[in-house]
Amino acid sequence: MLLDSIAKRFRIDNPDKFRLSECDSADHDGLSVDKKEAKAMLAKGLARLTELQERLYACDRWSVLIIFQGMDAAGKDSVIKHVMAGLNPQGVEVHPFKQPSAEELGHDFLWRASRRLPERGRIGIFNRSYYEEVLVVRVHPELLKQQKLPATLTGKAIWQQRFNDIRAFEHHLARNGTLILKFFLHVSKEEQRKRFLDRVDEPAKRWKFSMNDVTERKRWDDYQHAYEDMIRQTSRPEAPWFVVPADHKWFTRIVVAGAIVHELQKLNLDFPEIKGKALKELQKVGKALKAERS
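In every chain, residue numbers begin from 1 and rise along the written sequence. Whole-chain, interface and lining totals are the exception, using all residues; otherwise, since this is a predicted model, local features are given only for residues with pLDDT of at least 70 and side-chain atom pairs are given and counted only at 80 or more. Where side-chain values are given, they derive from all heavy atoms of the structure, hydrogens and water being excluded.

A.B. asks: Any chance you could explain the overall build of the chain here in plain terms?
C.D. replies: Numbering of helices and strands runs from the N terminus; a helix is a DSSP stretch of H or I covering at least four residues, while a strand is a stretch of E covering at least two. Within the chain, the secondary structure is distributed over 12 helices and 5 strands. Reported as C-alpha extents along the three principal axes, the dimensions of the chain are approximately 75 × 50 × 40 Å. Whether a residue is buried, partly exposed or exposed follows from its accessible area with a 1.4 Å probe, protein chains only, as a fraction of its type maximum: under 20%, in between, or over 50%, in that order. Across the 294 residues in the chain, those meeting the buried criterion constitute 47%. Restricting the contact set of the chain to residue pairs at least 6 apart, pairs at least 24 apart contribute 82%. Note on areas: Shrake-Rupley, 1.4 Å probe, and residue coverage restricted to the protein chains presented here. Just so you have it, the chain exposes about 16,300 Å², and 51% of that area is on carbon and sulfur atoms. Only four residue types enter the charge count: Lys and Arg as positive, Asp and Glu as negative, with His and the chain ends excluded. Note on charges: their place is set at NZ of Lys, CZ of Arg, CG of Asp or CD of Glu. The averaged location of the 42 negative side-chain charges in the chain is 3 Å from the averaged location of its 52 positive side-chain charges. By definition, residues are in contact when any of their heavy atoms lie within 4.5 Å.

Put into structure tokens, the structure is as follows:
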């Protein structure tokens, strides 16, 4: 499947060698397609994804956690809307993680995410996640004061400690049947500027714009460093990062859909087999139902 081969290019399997500066946010894998062709490619991937979701639910052994991170206007909402649109909503939950509440700040930084983990047979989607704790909080360390941590625990080692905690958390989830897929939507500073202008100029998009977006844009280089370190520290075989070019939304969606399909197929999901006594009882019921027609 073409989507599979495209998506594999963007999986980070050698994080020690990863450099964000070497990733092209405008990459489209040499594809030259119009909107109609792009939609057709995506539709193929979504059809397969829908089938795999049904098998995931019926099998009831695995859960799937999908995490989206990226700068403002990278397209996280758009990807979730377009890639997950065809799935059965009964088996999918989307959780946007915004500024933590007072209750959440009263717990460890993984607490609010752990409460939202998907059950077996279901797909959980995190729009931002516990990774904000090594991104926004790292760029704005003054936010640590709100977390009421003992002063002895907020030194320079805290970021490495949090990376250690995240790796351990994800390793634990993976060993207990959760497939973890993490997507960093890599948008360029220039493309972000254009999308911000769209939000300012178009009345239907103005509600998306926040003055804080412009403030955070001034810390662009700090965020790029934080994202690179995050990926290097936490992309592991059991919880890989995919660094997805995000300047072309049509290509972003194709890569994300292809990656999810490719990784789900590895689980060899199948419908439960009914046999023995249960099958005989089912066949007996079938005969009775057919007899009702005569």
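A.B. asks: Explain the nonpolar core here, please?
C.D. replies: If you look at soluble globular proteins, the nonpolar side chains tend to sit buried side by side. If you look at the biggest cluster of nonpolar residues, it comprises 78 residues, and the most contacted ones within it are Tyr130, Phe183 and Ile260. Residue contributions to this core peak at 9 residues, all from helix 11 (residues 249-265). Setting aside residues up to four positions removed in sequence, Phe183 forms contacts with Ile66, Ile67, Phe68, Gln69, Trp241, Phe242, Val244, Val256, Ala259 and Ile260. Among the buried residues, those of types Ala, Val, Leu, Ile, Met, Phe, Trp, Tyr and Cys that are joined through side-chain atoms within 4.5 Å form a nonpolar core.

A.B. asks: Before we go on, may I ask you to explain the pairing of strand 4 (residues 178-186) in this structure?
C.D. replies: Regular strands show a simple pattern: their side chains alternate between the two faces of the sheet. Taken across its 9 residues, strand 4 has 9 buried, putting it largely inside the fold. In strand 4, alternate side chains face the same way, and those of Thr178, Ile180, Lys182, Phe184 and His186 on one face and Leu179, Leu181, Phe183 and Leu185 on the other are all buried. For two strands to be treated as a pair, DSSP must find no fewer than two bridges joining them. Across 5 bridges, strand 4 lies against strand 5 (residues 241-245) in parallel orientation. By the bridge assignment for strand 5, Phe184 is matched with Val243.

A.B. asks: Sorry, what's going on with the packing of aromatic side chains here?
C.D. replies: Ring pairs (aromatic) are described by centroid distance and by the angle formed between their planes. Stacked, tilted and edge-to-face are the three classes applied to pairs of Phe, Tyr and Trp rings, where Trp contributes its six-membered ring and a pair requires centres within 6.5 Å; stacked means planes under 30 degrees apart, edge-to-face means over 60, and tilted covers the rest. This structure, assessed with the given rule, holds 9 aromatic pairs. Taking the centre distance of 5.5 Å and the plane angle of 20° together, the rings of Phe68 and Phe183 count as stacked. Taken as a pair, Phe68 in strand 1 (residues 63-70) and Phe183 in strand 4 lie far apart in primary sequence, 115 residues in all. Each member of the pair Phe68 and Phe183 is classed as buried. Look at Phe183 and Phe242: their rings are 5.2 Å apart centre to centre, the planes differ by 25°, and that puts the pair in the stacked class. Taken as a pair, Phe183 in strand 4 and Phe242 in strand 5 lie far apart in primary sequence, 59 residues in all. The same class applies to Phe183 and to Phe242, which are both buried. Among the aromatic residues, ring-to-ring pairing joins Tyr130, Tyr131, Phe169 and Trp241 into one connected group. Against the face of Phe109 rests Arg162, its NZ or CZ located 4.7 Å from the ring centre. To sit over a ring, a charge needs its Lys NZ or Arg CZ within 6 Å of the ring centre and within 35 degrees of the ring normal.

A.B. asks: Please clarify how unusual backbone geometry should be interpreted in this entry.
C.D. replies: Negative phi characterises most residues that are not glycine, and trans characterises most peptide bonds. One non-glycine residue, Ala73, lies in the positive phi region at around 70°. With respect to the element layout, Ala73 can be found in the loop between strand 1 and helix 3 (76-83). The phi dihedral of Lys148 is positive, around 55°, even though this residue is not glycine. Structurally, the position occupied by Lys148 is in the loop between helix 6 (136-139) and helix 7 (158-175). Taking relative accessible area as the criterion, Lys148 reaches 68% and is therefore assigned exposed.

A.B. asks: Before we go on, may I ask you to explain helix 10 (residues 220-234) in this structure?
C.D. replies: In an α-helix, one turn spans 3.6 residues; hence positions three or four apart end up facing the same way. Taking 1.5 Å of rise per residue, the 15 residues of helix 10 would be expected to cover 21 Å, and the 21 Å separating its terminal C-alpha atoms lies within 8% of that figure. In terms of burial, helix 10 is a largely internal element, 11 of the 15 residues being buried. In this scheme, a helix's expected span is set at 1.5 Å multiplied by one less than its residue total.

A.B. asks: Any chance you could explain the pattern of salt bridges here in plain terms?
C.D. replies: If charged atoms from side chains of opposite charge come close, those side chains can pair. By convention in these notes, a salt bridge is any Lys or Arg side-chain nitrogen within 4 Å of a carboxyl oxygen on Asp or Glu. For the coordinates displayed, the defined rule picks out 19 salt bridges. For Asp213, the salt bridge goes to Arg199, with nearest N and O atoms at 3.9 Å. Pair noted here: Asp213 is in helix 9 (residues 211-217) and Arg199 is in helix 8 (residues 189-201), with a separation of 14 residues, a long-range link. Each member of the pair Asp213 and Arg199 is classed as buried. Here the salt bridges share partners, and the residues they tie into one network are Arg11, Asp13, Glu263 and Lys266.

A.B. asks: Help me understand the packing of helix 2 (residues 35-59) against helix 11 in this model?
C.D. replies: The relative placement of two packed helices is expressed as an angle between their axes plus a distance between the axes. Think of each axis as a best-fit line through the C-alpha atoms, taken over the contacting stretch in the case of a helix, with angles from 0 to 180 degrees between the N-to-C directions. Running from amino to carboxyl end, helix 2 crosses helix 11 at an angle of 25°, the nearest separation of the two axes being 9 Å. Between helix 2 and helix 11, the angle is such that the two are roughly parallel. The interaxial crossing formed by helix 2 with helix 11 has left-handed handedness. Taken together, the residues of helix 11 that come into contact with helix 2 (itself represented by Ala38, Met41, Leu42, Gly45, Leu46, Arg48, Leu49 and Leu52) are Trp250, Arg253, Ile254, Ala257, Ile260, Val261, Leu264 and Gln265. Class assignment of the residues belonging to the contact of helix 2 with helix 11 gives a composition of 12 nonpolar, 2 polar and 2 charged. Roughly parallel refers to an angle under 35 degrees, roughly antiparallel to one over 145, roughly perpendicular to one between 65 and 115, and oblique to any angle outside these ranges. With the far helix as reference, a near helix turned anticlockwise by less than a right angle produces a left-handed crossing, and one turned clockwise produces a right-handed crossing. By the convention adopted, Pro, Cys, Tyr, Trp, Phe, Met, Ile, Leu, Val and Ala count as nonpolar, Lys, Arg, Asp and Glu as charged, and the other residues, Gly among them, as polar.

Note that all results are geometric; they support no functional claim without further evidence.
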